[in-house]
Amino acid sequence: MIVTLAGHVDHGKTSLVKALTGVDTDVLEDERKRGLTIDLGFAYLRRNGSPSRRNGDVLGFIDVPGHHRFIHNMVAGVAAMQFALLAVSADDGPMPQTREHLQILQLTGIARGLVALTKCDRASAERMEQAEAELRALLQGTFLQNAPLIRTSASTGAGIAELKQTLWTAADASPSAQAQGQFRLAVDRAFNIQGTGLVATGTVHSGTVRQGDEVRIFPGNQTARVRGLRAQEAVVDSATVGDRAAINLAGVGLDDVQRGCWLTATPMSTRRNFAVDLRLLDDLPRPVRHWLPVHIYHATSHSTGRLALLDAGKALPGERRTVEVVTDEPLCARHGDHLVLRDHGLDRTLGGGRLLTDLPPAARRRDPARLGLIKAFKANDRSRIIAGLLARGPLDVGQLRNTLGLTDEELKEALDGFQLRMHDGEALRQALWSDWRRIVLDFAALHQREHPAAPGFVPKRLPSGIPERFQAPLLSELLSEKRLRLTAGAYHLPAHVAELPPQQKALLNRVRPHLDQDQAPSLGDLAKALHTPLTPLESGMNGLAQRGLLVRISPKRFYLPERLTAIAAQVATLAKQEPLTVRRFRDHTGIGRNIAIELLEHFDRRGYTRRQGDARMVVGELQLR
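A. The overall build of the protein chain, seen in detail. In terms of regular secondary structure, the protein chain is built from 18 helices and 31 strands. By the compact-globule yardstick of 25 Å for 625 residues, the protein chain is too spread out, its C-alpha radius of gyration being 36 Å. The principal-axis extent of the C-alpha atoms belonging to the protein chain is close to 125 × 60 × 40 Å. Classification of the 625 residues of the protein chain by burial places 50% in the buried group. When contacts within the protein chain are restricted to residue pairs at least 6 apart in sequence, those whose partners lie at least 24 apart make up 66%. Charged side chains in the protein chain number 82 positive and 68 negative. The centres of these two groups are separated by 7 Å.

B. Looking closely at the sheet that holds strand β29 (residues 580-581). Strand order in this open sheet of three strands is β29-β31-β30, and the pairing throughout is antiparallel. On the outer flanks of this sheet lie β29 and β30 (609-612), each paired with one strand and no other. Sheet topology note: the β30/strand β31 (residues 615-618) ladder contains four bridges and is antiparallel. Pairing of Gln-612 across the sheet is with Ala-615, part of β31. The sheet strands contacting helix α16 (residues 561-577) are β29, β30 and β31, and the helix crosses β31 at an angle near 110°.

C. The sheet that holds strand β24 (residues 426-429), seen in detail. Taken in spatial order, the three strands line up as β22-β24-β23 in an open sheet, and their pairing is antiparallel. Every other strand in the sheet has two partners, leaving β22 (395-396) and β23 (420-423) as the edge strands with one partner each. Pairing between β22 and β24: two bridges, direction antiparallel. Across the sheet, Asp-396 pairs through a bridge with Glu-426, a residue of β24. Sheet contacts for helix α12 (residues 468-480): β23 and β24; angle to β23, the most-contacted strand, approximately 110°.

D. Examining the pairing of strand β8 (residues 197-206) more closely. For β8, a buried count of nine out of 10 residues is recorded, marking the element as mostly surrounded by other parts of the structure. Pairing of strand β7 (residues 184-193) with β8 involves nine bridges; the strand directions are antiparallel. Following the sheet pairing, Leu-185 is matched in β8 by Val-204. Between β7 and β8, which pair antiparallel one after the other, the connecting turn spans three residues, and Gly-195 there sits at a positive phi close to 85°. One ladder, built from six bridges, connects β8 with strand β14 (residues 244-250); its direction is antiparallel. Opposite Thr-201, over in β14, you have Ala-246 as the bridge partner.

E. Fine view of the pattern of salt bridges. Within the structure shown, the criterion is met by 34 salt bridges. The closest approach of N and O atoms between Arg-437 and Glu-477, which form a salt bridge, is 2.6 Å. Here the residue Arg-437 occupies a position in helix α11 (residues 430-450), and Glu-477 occupies one in helix α12, the gap between them amounting to 40 residues. Accessibility assignment for this pair places Arg-437 and Glu-477 in one class, buried. A salt bridge links Asp-442 to Arg-438; the nearest nitrogen and oxygen atoms lie 3.7 Å apart. In this pair, Asp-442 and Arg-438 both sit in helix α11, four residues apart, roughly one turn of the helix.

F. Here's a closer look at the packing of aromatic side chains. Throughout the structure, instances matching the rule amount to five aromatic pairs. Taken together, the aromatic side chains of Trp-433, Trp-436 and Phe-470 make up a single cluster linked through ring pairs.

G. View of helix α17 (residues 582-589). Considered for burial, the residues of α17 that qualify are Val-582, Arg-584, Phe-585 and Thr-589. One face of α17 carries all of its buried residues, which in axial projection span an arc of 165°. For α17, the exposed residues lying more than 90 degrees away from the buried face are Arg-583 and Asp-587. Lining the buried residues of α17 we find α16, β29, α18 (593-605) and β31. The first or second residue beyond α17 is Gly-590, which carries a positive phi of 80°.

H. Region of interest: the packing of helix α7 (residues 368-378) against helix α8 (residues 382-391). In the contact formed by α7 and α8, the axes pass within 8 Å of each other and the chain directions differ by 160°. Looking at the two axes, α7 sits roughly antiparallel to α8. Where α7 crosses over α8, the handedness of that crossing is left-handed. Note on element contacts: α8 touches α7 through Arg-384, Ile-385, Gly-388 and Leu-389, opposite Gly-372, Leu-373, Lys-375, Ala-376 and Phe-377. Residues that form the contact of α7 with α8 fall into these classes: five nonpolar, two polar and two charged.

I. Here's a closer look at α16. Its 17 residues give α16 an end-to-end C-alpha distance of 25 Å, which sits within 8% of 24 Å, the value for a rise of 1.5 Å per residue. Buried within α16 we find Pro-561, Leu-564, Ile-567, Ala-568, Val-571 and Leu-574. Buried residues of α16, seen end-on, are gathered within an arc of 140° and therefore sit on one face of the element. Away from its buried face by more than 90 degrees, α16 exposes Lys-576 and Gln-577.

J. Highlighting the packing of helix α14 (residues 523-530) against helix α15 (residues 534-546). One can describe the packing of α14 onto α15 by two numbers: an axis separation of 10 Å at closest approach and a directional angle of 110°. The orientation of α14 with respect to α15, classified from their angle, is roughly perpendicular. Crossing hand, α14 versus α15: right-handed. For the pair α14 and α15, contact is made by Leu-523, Gly-524, Leu-526, Ala-527 and Leu-530 and by Leu-534, Leu-537, Glu-538 and Met-541, respectively.

K. Fine view of the nonpolar core. Membership of the largest hydrophobic core comes to 34 residues, with the highest contact counts inside it found for Val-511, Leu-537, Met-541, Phe-585 and Leu-599. Secondary structure elements with two or more residues in this core: α13 (502-515), α14, α15, β27 (551-554), β28 (557-559), α16, α17 and α18. Ignoring anything within four residues of it in the chain, the contact list for Val-511 reads Leu-526, Leu-530, Leu-537 and Met-541.

L. A look at unusual backbone geometry. In this chain, Phe-218 is followed by Pro-219 through a cis amide linkage whose omega measures -5°. Among the secondary structure elements, Pro-219 is positioned in the loop between β10 (214-218) and β11 (222-231). Despite not being glycine, Gln-232 has its phi angle at roughly 50°, a positive value. As for its placement among the helices and strands, Gln-232 is situated in the loop between β11 and β12 (234-235). Gln-232 gets classed as buried once you look at its relative accessible area, which sits at 5%. Even without glycine at this site, Asp-424 takes up a positive phi of about 50°.

What counts as what
Residues numbered from 1 in each chain as written. Predicted model: local features only at pLDDT ≥ 70, side-chain atom pairs only at ≥ 80, totals over all residues. Heavy atoms only, no water. Helix = DSSP H or I, 4+ residues; strand = E, 2+ residues; numbered from the N terminus. Rg over C-alpha atoms; globule rule 2.2 N^0.38 Å. Buried < 20%, exposed > 50% of the residue type's maximum accessible area, 1.4 Å probe, protein only. Contact = heavy atoms within 4.5 Å. Lys, Arg positive; Asp, Glu negative; His and termini not counted. Charge placed at Lys NZ, Arg CZ, Asp CG, Glu CD. Pairing = 2+ DSSP bridges. Axes fitted to C-alpha atoms, helices over the stretch in contact; angles between N-to-C directions. Salt bridge = Lys/Arg side-chain N within 4 Å of Asp/Glu carboxyl O. Phe/Tyr/Trp six-rings, centres within 6.5 Å; stacked < 30°, edge-to-face > 60°. Arc of directions from axis to C-beta. Parallel < 35°, antiparallel > 145°, perpendicular 65-115°, else oblique. Left-handed = near helix turned anticlockwise from the far one by under 90°. Nonpolar A, V, L, I, M, F, W, Y, C, P; charged D, E, K, R; others polar. Expected span 1.5 Å × (residues − 1). Core = buried A, V, L, I, M, F, W, Y, C linked by side-chain atoms within 4.5 Å.

Shown next, in the form of structure tokens:
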């Protein structure tokens, strides 16, 4: 069980840990000189010296600073799955940081703990009774209101045995950790050990990590390999949610990992917009206005930013509001995590709460559809969340997995029951896909009515409501079902035949017999054969090419689409047998060398072939337009 000590500065937290474990957690020279904790301190106590790392056999203590100037370090030592030990000096009683630390423990989601009345050797019996009464009043309505309160003295040892036994009893009653979700660890320290390499330590917030796993470092998404693991100071093969883990990382350096970083199972997107179920503290001295500058604390991470109200009017002390937090630095925060907010101007905690979603606004911040989706996150209703996201359009499956912190198996289970179509990492409702099919067919019919002389439409003319990345698979499916046909690079309904103007129709009929061969004549030769001036002939041929009825392969040569398709098939057959050179292509087809080069270079430009030295290989589909 991991125990977080909290309390006002100089209320004996460090001394209490030393009395329980024999370890002085103030290791910094400045801490010992000044006699106060500045950074996080760590110590462990094992039941009867047992080497076991089981939750009930080891107590891990995190000693956090009590001075208000080091509140950022205090928050870094707190996690929702920990057990709280609130230390209050008997001679002082509750002080300002006692209250603020208690508020932070509550806001970060800690639900179990006890209270130690410290320095009881310095207080009279009457003063201890008064301090306890003050404490009980402060604890009313919090998770510690019915917690054990134990009188202690680190100097005399009074109450230490009782405190230790109470902690062991709490450890025995600790719920078993549920290793759900993706692995995430919030880094609180990173250092090099000679002969071992880089070690990062922190609390595992979700999932499980094993020796040999590949992890990502946020921010930056560098990849590292887990070379070794310790949990609660014992060598282990795996570490799971709630563990204090030390991970030996290979593949990265100390510059890549520091406090505030996260180790994660998957790459994380940069996020700066977070919808939060915020609870404002009752003793806040003023209302919270829209766009208030704030400090945002999330596990070991910290950023400045702004608080955006999603409801009209100022937020009053004690209220619970759904807000949006916009950070200056990205956070690795997910649905269900807890944030603590401090007022930048007042330099005090204003509130905190559960993070609902890290999905940025698709349009306006207060758009009703977005607010409805945030309500689904607030209700923690996974089906409603997924349905709401799918209603907005194609859903990035990887983004959903990271937003909800799911493993691949959990993601698959969450998506079961939805009629979905998957495409390149995105999911969309089958009904939406059917709507898009109908839109394409309706558009083809409309285009045919409005442009009867055109062979069909090209994809770039499709309605803008269909995202470009889905157009190719959509058209391909309709072609395979013979709901559409493709002629000379244009899509059309199967029964459509383009109506040519008389002049173009006459020209096509005149040139077709001359072009119906593998070695098409040049424009000059064609003009001589037809006894037609070169300039108007070239203009007319370009008009036919624009309709897809001819294909211009070089400045002075055109081909019939069906002839070009047949030649491309020969190229594919030849390329399968051995390297396709100009000579092999010329000898096999009987096409002259210069025209053979024009054809192959045309296929290169269209992405059908690729030249490698003197040979070519087929690399794509033939595109006639």
